[in-house]
Each structure stands twice: as structure tokens, then as C-alpha cells.
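Chain by chain, the residues run as shown.
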Amino acid sequence: MAGGCWVCNPFCGRCQPAPKKSGTCPRCGTVTIFDKRDIVAGAQLACKKCGEDLNQDVRPSVVRCGFSGLMCAYPCGKSASHNLGEGAYRVCEKNTPPRETPS
């Protein structure tokens, strides 16, 4: 595993996009776990107990990946790579392109 990990933590997200993300509800304090596919699909991310909207806390911002140079809607820790040098981008098989917004 990259980075010397012995076991992959599904919430980590350093070497690949985390398969799961969690959010703590600011209203009731309940922790809700979401799957990557629901987050990427644009599903409503709400607290499982009280229904509070957790989209802003859980859904990552779209970034230009420092590893691949591509826009990524579900970045991992490699997106912060800036030591590759200009034009030294690499292929990222985990890239999640941003969803097209209807005009």
C-alpha cells in the first residue's frame, strides 16, 4: 500500500479517493456515513436521525488535481501533489470528472 499503510482505512483518502465519508450533524450530533457513489451521483446527503442537510460538510469541492492535472470532483490526497514539476502529470485511474450541469 502507498505511504506504508498496512491496512486500508475506507475513510482515509490519502492514496485513493475514500470509498466512504462521514459527517457529524451540527444539530443532533449523529454521525452519518455516506458511500462515494451517492456523493458523486449528487444524492441528498442528510443526517440519518434528524434529516439536517450535510451536503456542505460531506461533499468535497471540485479541484484541479496536482497529480493528473484534471478537474476532480472526488479528490484524494494525491490532488495536493505539487512536486511533479510542470508538465509531469500522470494518469489517474481514480479520477472523478465533475458532473455536467444542465444549461
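Here, the structure is the one placed above.
In this report, the structure presented in the accompanying data block is examined. Quick caveat: nothing in here was measured; it's all calculated off a predicted structure. (Residues numbered from 1 in each chain as written. Predicted model: local features only at pLDDT ≥ 70, side-chain atom pairs only at ≥ 80, totals over all residues. Heavy atoms only, no water.)

## A look at the environment of Gly-42
What counts is decided by this rule: What counts as a helix is a DSSP run of H or I of at least four residues, what counts as a strand is a run of E of at least two, and both are numbered from the N terminus. The classification of residues rests on relative accessible area computed with a 1.4 Å probe and restricted to protein chains. Under 20% of the type maximum is buried, over 50% is exposed, and intermediate values are partly exposed. Contacts are assigned to residue pairs with any non-hydrogen atoms lying within 4.5 Å of each other.
Inspection of the secondary structure assignment puts Gly-42 in the loop between helix 1 (36-40) and helix 2 (55-58). Using a relative accessible area of 41% as the deciding quantity, one classes Gly-42 as partly exposed. The spacing of Gly-42 and Arg-99 is 57 residues in sequence and 8.5 Å in space, taken between C-alpha atoms. For Gly-42, the residues in contact, after removing those within four places along its chain, are Arg-59 and Arg-99.

## Thoughts on the packing of aromatic side chains
Quick reminder of the rule: To pair, rings of Phe, Tyr and Trp, with the six-membered ring standing in for Trp, must have centres within 6.5 Å; the planes then decide the type, stacked if under 30 degrees apart, edge-to-face if over 60, and tilted in the middle. By the criterion adopted, a ring carries a charge over it if an Arg CZ or a Lys NZ lies within 6 Å of its centre and within 35 degrees of its normal.
As enumerated under the stated definition, the model contains zero aromatic pairs in all. Of note, Lys-78 hangs over the ring of Phe-67, and the distance from its end group to the ring centre comes to 4.9 Å.

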